[in-house]
Amino acid sequence: MGRGRSGAVSDPRTASDPQAVQSTGGSSAVSKCSAAARGYIQDRFLQLLAGRRRRRAPLIHRGYYIRARAVDHCVQDFLLKTQSLPRTQILSLGAGFDSLYFRLKDMGVLHHTVVYEVDFPDVACQKATLIKGVKELSALVGDTGGEGLGAITFSGDDYKLLGVDLSELSELERTLEEAGLNNEIPTLFIAEVVLTYMENTSRSDALIEWAAERFPRACFLLYEQARPQDAFGRVMQRHFGQLRTALRALPLYPDGRAQRSRFLAKGWTECSVMDMNEFFTCCIPEDEQRRVQTLEAFDEYEEWHLKCSHYFVLAASKGMEPSWTPLSPSGTGAGHAGPVGVAGSVPAAVCAGLSGAPGLRRFGHRSVLMKPSVVVTTGGFGEEHGQHCRVRSVHLLSRHAGHWGAVCVTQNIPDQRWGGRLYHTVSRLSDTLALVVGGRTSPSSTALGMLWLKFPETCGASGTGDVAVELVNLQPAAEAAALRWRHSTTEVTFKGEQYLFVYGGRSALQPVLGDWHFLRVPELSCAAIAVEGLVPESRHSHSACSWEGGVLIAGGLGAAEQPLGSVFLLRELEYGFQWQTIETHPPLVPRYSHTAHVHEGKLLLVGGVWLHASSVPGVTVIDLMTGLCLNYVINVEHLEWPLMLHNHSSVFLPDEKELLVIGGGGNCFSFGTHLNPEPVLLSLSSILSSH
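Residues numbered from 1 in each chain as written. Predicted model: local features only at pLDDT ≥ 70, side-chain atom pairs only at ≥ 80, totals over all residues. Heavy atoms only, no water.

Some remarks on the sheet that holds strand 28 (residues 567–572)
(1) Moving on: Strand order in the open sheet made by the five strands is 25-29-28-27-26, with mixed pairing throughout. Every interior strand has two partners, whereas the edge strands, strand 25 (530–532) and strand 26 (543–547), have only one. Each strand axis lies, on average, 20° off the axis of its neighbour in the sheet, ignoring direction.
(2) Moving on: One ladder, built from five bridges, connects strand 26 with strand 27 (residues 550–554); its direction is antiparallel. Counted as the bridge partner of A544 is I553 from strand 27. (Pairing = 2+ DSSP bridges. Helix = DSSP H or I, 4+ residues; strand = E, 2+ residues; numbered from the N terminus. Axes fitted to C-alpha atoms, helices over the stretch in contact; angles between N-to-C directions.)

What follows is the structure in C-alpha cells.
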C-alpha cells in the first residue's frame, strides 16, 4: 500500500517507482485474502476486493495475521472509547484495497463514524469501479452519487474514497475538506506501511505534524518496518530496494524509540510503540495465540519471530478524554526487557580456504568434528546443483597445515531414507562412524528413523571414497526416539558405559516434546535409567553439550512458542541421573536456534534468536562454576554480506580457540531466502582468556 512521491532526484538504484509503490497494495490484499481463506482472520470482503486468489505460505499467513490483528485491535479500541460521542471519523492514508470500512459497516459499529480513504488517483479509481461493480459492496456503502467530483472517486453517507497523492499536503487538505472531513471531532488516522514509502521523509514528517496541528482531538495508528541494520533488516531493505519501493523513513527512524520521539516532536502528546513479538505476547489472548499456532503445519519459528521484531505498531494521540492507550498489555505475557548488556565483541572473518566452496550454503543442517581436522556436514535446505532444495550430499571439510579446504562432496546416497532431512542430529561415535537421529523432510513427513554414516579410514584425505549410509533396524522401544526433529542427541556416561541421550524436540503430532531416551551404544537399544529432580520445561531448538559425563541443556523454544532462558545439567549419580538448575547472573537472555560448546568449564552459546528488539545474539559465555553470564556482540565489519546466526552449525576448535560457523539463514518472510554464503571463523581467544 501507500504512497507518496516527490520531485527530488535520488539514486536510481534505490529510487521509489510510483507504479511499484502502488502495486504493493494489491499484493498485500492478496496475502490477506490467503490468510483469511485459511482461517487466520475473519473477513469475507477481502476476496471481493483482492480480485484474485493465490495461496501463500504459512509464514506469510502469520505475518499478515499479526498485521491485521494489530490494526483491528487499535481501531476497535478507538471505536469503543468514542462510542458515547455523537460523531467520529477515521482517515485511512494509503488505504489501497483494504476492507476495513466494509468489515466495520457489516459489524454495525459505524453508527456515528465516517470512514475516509485516500490513495493514489489510479488506485482510488480502480477501487471505486470495483465497489460499483460488486453488488455486495455497493449495497453496504449506499451510493449518493457524489463520485466523480474532482478527486472524490466514491461517496456514500459514511464512506468517502479520495484519489490524492499524500505528498501533496495542500491538495490533500483541500480534498478532505471538500469531502466533509471535520477537524473538530475525534479522528483516527491510519497509516499501514504507507509513510515510509514517501520519497522525501520531510513530507511524511509534515503529514504527521499537520494531523497533530489541525485536529485537536486525534489518534494516529502507524504500522511499519524497523531495525534496518541487522542481518534480517539488511535483507529486508535489499528486497524493497529491488522492488523500487525503498523504505525511506528507516535511516532517520530505525526503531520504535526513534518513531516515538518523532511523533512527540511533531505535536502528539502521548505515544506508545510495540514490536509485533511484544504485541502478540501481550495484546492477544492466550487462547487466540493457541488457535493461530495450530491452524497449519508450521516450522519457521525463527523467521516468524524475526519478522515480528522488524515491524512495529505505534499509537499516538492528543486531546483524547479518556486517554487512548490501545497498546497497554492486557494478556499475561510480560513486556520485553530492555537492552542486553554487552561485555565486548568477537571478530568474525571469512574462512579463506573455504571461500566459494560448493555445498556450504544451507540451513537446518548439522556439522560434527569427526577428527581434529575433519568436519562432516549433512542435510539441511540450501543450494545443490544450482537449485534451492533439501540437500542430499554429505560434505567434508579438511584442514591441512592450518588451512581449511573442501575435500569431498558425496552426491549419490544409496539409501532413499536419507532424503535430505532437516533439523536432525549427527553424533560422532568414532573417527569413521556417526549416527543420524530423526529430522524431517516436511513438518508432516518425519518417520525418517536413524542412519549410520560410515566413513573410510582415509576420511579427510584427498580422493576420499563414498560415505556408506545404512538404515538402523531399531527395536520398537527405540522408535519413538527417532520420530522427532529440532531435538538434541548427546553422549553421556553411566557406570562407565556409553549412552546417547535423546531429548526434547517436536514431532508431527506434538509441537513440543519434553521426553527423553537413553540409547545404549552401539546396539541402540533403550535403557531404563532413573532420573530425579525438577523436570525441565518441554522445548525444542535448544542446545545440548556433554559435560562431566552428563548433559548441559540451554535455552530452546517452549510450548507457547516463547524462548526459554533456563540452563539445566543432567548430572550422573550412583544410581542414575539428576536434573539440576544452573543459575546464571545476570539471567540468561531467553533464546533458541543457537549452537553450544563447552570449553574449560565455560558454556559457549553461539547466535540464535531472541525477542529483544535492540540487538541480535552474538556469543554468550557462562562460567559453569560461578554462573557469571556475559554477552559479546559479533563484529561483522569485515564481512560483505549479512551474517545470520540461526539455523547454522558450528564446530569449536579448542587449540585455536576459534569457532567455525557453517551455513545459517532461512526464508526471510516475503523478502527472499538468505543463506550465509561462506563459512566464518569467530576468534574467541581474547574473551576466553579474560572471562
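Comments concerning the sheet that holds strand 23 (residues 516–520)
(1) Moving on: As summarised here, the arrangement of the four strands in space is 21-22-23-24, forming an open sheet in which the pairing is antiparallel. What marks the edges here is a single partner per strand, and that holds for strand 21 (488–494) and strand 24 (526–527).
(2) Moving on: In terms of strand pairing, strand 21 meets strand 22 (residues 497–503) through seven bridges, oriented antiparallel. Bridging across to strand 22, T490 finds its partner in F501.

Notes on helix 5 (residues 121–133)
(1) Moving on: Spanning 13 residues, helix 5 covers 18 Å between terminal C-alpha atoms, matching the ideal 18 Å at 1.5 Å per step.
(2) Moving on: Residues of helix 5 that are buried include every one of V123, A124, K127, A128 and I131, and no others. Angular distribution of buried residues about the axis of helix 5 spans 135°; they occupy a single face of the element. With respect to the buried face of helix 5, the exposed residues turned more than 90 degrees away are T129 and G133. (Expected span 1.5 Å × (residues − 1). Buried < 20%, exposed > 50% of the residue type's maximum accessible area, 1.4 Å probe, protein only. Arc of directions from axis to C-beta.)

Regarding unusual backbone geometry
(1) Moving on: For the peptide bond that leads from E321 to P322, omega is -5°, which places it in the cis range.
(2) Moving on: Position of P322 among the secondary structure elements: in the loop between strand 8 (311–318) and strand 9 (344–350).
(3) Moving on: The backbone of N647 sits at a positive phi, close to 55°, despite the residue not being glycine.
(4) Moving on: Tracing the backbone shows N647 in the loop between strand 33 (629–635) and strand 34 (649–653).
(5) Moving on: For F669, which is not glycine, the phi torsion reads 50° and is therefore positive.
(6) Moving on: Checked against the element boundaries, F669 lands in the loop between strand 36 (665–667) and strand 37 (673–675).

So, the environment of V551
(1) Moving on: Here V551 shows up in strand 27.
(2) Moving on: Using a relative accessible area of 0% as the deciding quantity, one classes V551 as buried.
(3) Moving on: The spatial distance from the C-alpha of V551 to the C-alpha of L570 is 5.0 Å, given a sequence separation of 19 residues.
(4) Moving on: Leaving out residues up to four positions away in the same chain, V551 has contacts with T490, V492, F501, A544, C545, F568, L569 and L570. (Contact = heavy atoms within 4.5 Å.)

Digging into the pairing of strand 15 (residues 394–400)
(1) Moving on: Burial analysis of strand 15 places six of its seven residues in the buried class, which makes it a mostly covered element.
(2) Moving on: Of the pairings in the sheet, the one linking strand 12 (residues 374–378) to strand 15 comprises five bridges and is antiparallel in character. Of the residues in strand 15, the one forming a bridge with T377 is H395.

Comments concerning the pattern of salt bridges
(1) Moving on: Within the structure shown, the criterion is met by 31 salt bridges.
(2) Moving on: As a salt-bridge pair, R214 and E173 come within 2.0 Å of each other at their nearest N and O atoms. In this pair, R214 is assigned in helix 8 (residues 201–214) and E173 in helix 7 (residues 169–179), connecting sequence segments 41 residues apart.
(3) Moving on: On the accessibility criterion, R214 (36% relative accessible area) is partly exposed. (Salt bridge = Lys/Arg side-chain N within 4 Å of Asp/Glu carboxyl O.)

What about helix 8?
(1) Moving on: For helix 8, which comprises 14 residues, the first-to-last C-alpha distance of 20 Å matches the rise-based estimate of 20 Å (1.5 Å per residue) to within 8%.
(2) Moving on: Of all the positions in helix 8, only T201, S204, D205, L207, I208, W210, A211 and A212 are classed as buried.
(3) Moving on: Residues of helix 8 that are buried in the fold lie against strand 1 (88–93), helix 7, strand 5 (187–192), strand 6 (218–225), helix 10 (256–265) and strand 8.

A short note on the pairing of strand 14 (residues 387–390)
Two faces belong to every sheet, and in a regular strand the side chains alternate between them.
(1) Moving on: In this sheet, strand 14 lies alongside strand 13 (residues 381–384) in antiparallel orientation, the contact comprising four bridges. The residue bridging E384 from the neighbouring strand is Q387, located in strand 14.
(2) Moving on: Taking the residues that link successive antiparallel strands as the turn, the strand 13-strand 14 hairpin has two residues, and the phi of H385 there is positive, at about 55°.

Some thoughts on the side chain of S367
(1) Moving on: With respect to the element layout, S367 can be found in strand 11 (residues 366–371).
(2) Moving on: A polar atom in the side chain of S367 sits 2.7 Å from the side chain of S649.
(3) Moving on: With near-sequence residues (within four places) excluded, S367 lies in contact with V375, V376, T377, S649, V651 and I662. (Polar contact = N/O pair within 3.5 Å; in protein donor to acceptor, adjacent residues only side chain to side chain.)

Thoughts on the side chain of E192
(1) Moving on: Residue placement: E192 occurs in strand 5.
(2) Moving on: Given the relative accessible area of 6%, E192 is considered buried.
(3) Moving on: Here K32 takes part through its side chain, which lies 2.8 Å from a polar atom of the side chain of E192.
(4) Moving on: Polar contacts involving the side chain of E192 include one to the side chain of R67, which spans 2.6 Å.

As for the packing of helix 3 (residues 58–81) against helix 12 (residues 286–293)
(1) Moving on: The geometry of helix 3 relative to helix 12 is characterised by a closest axis approach of 11 Å and an angle of 150° between their N-to-C directions. Judged by the inter-axis angle, helix 3 sits roughly antiparallel to helix 12. Crossing geometry of helix 3 relative to helix 12 is assigned as right-handed. Where helix 3 approaches helix 12, its residues R62, Y65 and R69 are matched on the opposing element by E288, R291, V292 and Q293.
(2) Moving on: When the residues that make up the contact of helix 3 with helix 12 are grouped by side-chain class, the tally is two nonpolar, one polar and four charged. (Parallel < 35°, antiparallel > 145°, perpendicular 65-115°, else oblique. Left-handed = near helix turned anticlockwise from the far one by under 90°. Nonpolar A, V, L, I, M, F, W, Y, C, P; charged D, E, K, R; others polar.)

Topic: the confidence of the model for the chain
(1) Moving on: The predicted model of the chain averages 90 in pLDDT, with 91% of residues at 70 or higher.
(2) Moving on: Scored below 50 in pLDDT, residues 1–14 makes 53 contacts in the model with residues more than four places away or belonging to other chains.
(3) Moving on: Predicted confidence is poor over residues 331–335, with pLDDT under 50, and the contacts of this stretch with residues over four places away or in other chains come to eight contacts. (pLDDT = per-residue confidence, 0-100.)

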